[in-house]
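Topology and contacts: notes
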Amino acid sequence: MRREISVVAGPSSVDLATKVASCLDADLLPVDFRIFKDGETKINMSKPVGKNCILIQSTYPPTDRHLLQALMMLKKSSDSGSANILAVVPYMAYSRQDREFLEGEVVSMAIVARLFECVGTTRLITVDIHSPTSLSYFSIDVRNLSAISLLAKYAITNLKTSHPVVVSPDKGGANRAMEFARILQADMFTLSKRRDMRTTEVFVEKQKLNLDIAGRDVIILDDMISTGESIVKATEFLIEANPNNIYAMCTHAVMIDGAPEKIEAAGVKEIISTNSIPRASAKVDLSPLISREIASIIEQAAIR
Ligand code: R5P
């Protein structure tokens, strides 16, 4: 595979790209970049990318910078003659703006999908994208991988919980939490969360729990933690039922506005996320999952 496949390490995902290149025994191409004082990025891809290029760049904050950098590197690869250009974007920015929630809003995800295609991306891999609607805006082959089994494996091996209960902070995450609970052979329930679309404030509805969680460990599972408000509000509600330890697990730890501190202050014992975003909580490595998918694309002769 070496010489046939180049893994381009985007500035936001150098560590993950290095791990994926090593799993695939592929060449790793570091990227030279510079951020000017006005915030613009200059990218220099001086090494030839070759015919088959895999760019790894997660689009977490600073979102627009990371997104534009991804587009620049993909365009350069395409202009340099790469025929197969696979973008690996573990955290897909703008996937929460997948529809016009309030009249007049721009459906940002539709534009982001078009941009990836415009610069010559031929395939895209992402992980636990916020909603299937986001995927519908792409016309290229997009594979949405699930990190649920990796997160569940981590919980089983490292948290040593007894008789745990899995909680989804909202109905949108119910299927994800159900799958996670199935692997853990744990009980599961869903809270009812509402977000004020104008102020973005989060409310968790006070509800009578059908399950007694007193003295039991609770794992709150979400696709992402951004401001931490969803986890904080869920924790504040659950804590009234006297659980033992509360853990927060997610695929994407966006973590803005002091989210980790707020979550810990609310009573969460530990936050665990994947390395889709390099954060202190990133204890679950996605490289085997991503590499397996790339290897299967190669094997199916999708990349030649
Ligand atoms: C929303 O539906 C998502 O699944 C997450 O619950 C949400 O994006 C987390 O955001 P925050 O941490 O700002 O509450």
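Residues numbered from 1 in each chain as written. Predicted model: local features only at pLDDT ≥ 70, side-chain atom pairs only at ≥ 80, totals over all residues. Heavy atoms only, no water.

1. Observations regarding unusual backbone geometry
Going from P61 to P62, the amide bond is cis rather than trans, its omega being 0 degrees. Note that P62 resides in the loop between strand 5 (52-56) and helix 2 (63-79). The phi angle at D25 is positive, at roughly 55 degrees, despite the residue not being glycine. Classification of D25 as partly exposed rests on a relative accessible area of 41%. Look at K160: it is not a glycine, yet its phi comes out positive at around 50 degrees. Within the secondary structure, K160 is located in the loop between helix 5 (148-159) and strand 9 (165-168). (Helix = DSSP H or I, 4+ residues; strand = E, 2+ residues; numbered from the N terminus. Buried < 20%, exposed > 50% of the residue type's maximum accessible area, 1.4 Å probe, protein only.)

2. Thoughts on the site of the ligand
Close contacts around the ligand come from 14 residues, with D222, D223, S226, T227 and S230 the closest. Between the ligand and the protein, one listed contact pairs an oxygen atom with a side-chain N or O atom of R195 at 3.1 Å. D223 is positioned with one of its side-chain polar atoms (N or O) 2.6 Å from an oxygen atom of the ligand. In isolation the ligand has 370 Å² of accessible area, and contact with the protein removes 92% of it. Going through the elements one at a time, strand 11 (193-195), strand 13 (218-225) and helix 7 (229-239) are the ones with two or more residues in the shell around the ligand. (Near = heavy atom within 4 Å. Polar contact = N/O pair within 3.5 Å; in protein donor to acceptor, adjacent residues only side chain to side chain. Areas by Shrake-Rupley, 256 points an atom, 1.4 Å probe, with all protein chains shown as cover.)

3. Some words on the pairing of strand 10 (residues 187-190)
Judged from the four bridges that link them, strand 9 and strand 10 form a sheet pairing that is parallel. Across the sheet, residue V165 finds its bridge partner in strand 10, namely D187. Considered for its hand, the β-α-β crossover made up of strand 9, helix 6 (residues 174-184) and strand 10 is right-handed. (Pairing = 2+ DSSP bridges. Right-handed = clockwise from strand over helix to strand, strands pointing away.)

4. Describing the sheet that holds strand 9
Taken together, six strands build an open sheet; the order of strands is 10-9-13-14-15-16 and the sheet is parallel. Each edge of the sheet is formed by a strand with only one pairing partner; in this case those strands are strand 10 and strand 16 (282-284). Put simply, the sheet's adjacent strands are angled 35 degrees from each other on average, direction ignored. As judged from the three bridges shared by strand 14 (residues 246-253) and strand 15 (residues 270-274), these two strands associate in the parallel manner. Across the sheet, the residue bridging to M249 is I272, located in strand 15. Most of the contacts of helix 6 go to strand 13, to which it runs at about 135 degrees, and overall it touches strand 9, strand 10, strand 13 and strand 14. The strands that helix 7 touches are strand 9, strand 10, strand 13 and strand 14; relative to strand 13, the one it contacts most, it runs at about 165 degrees. (Axes fitted to C-alpha atoms, helices over the stretch in contact; angles between N-to-C directions. Contact = heavy atoms within 4.5 Å.)

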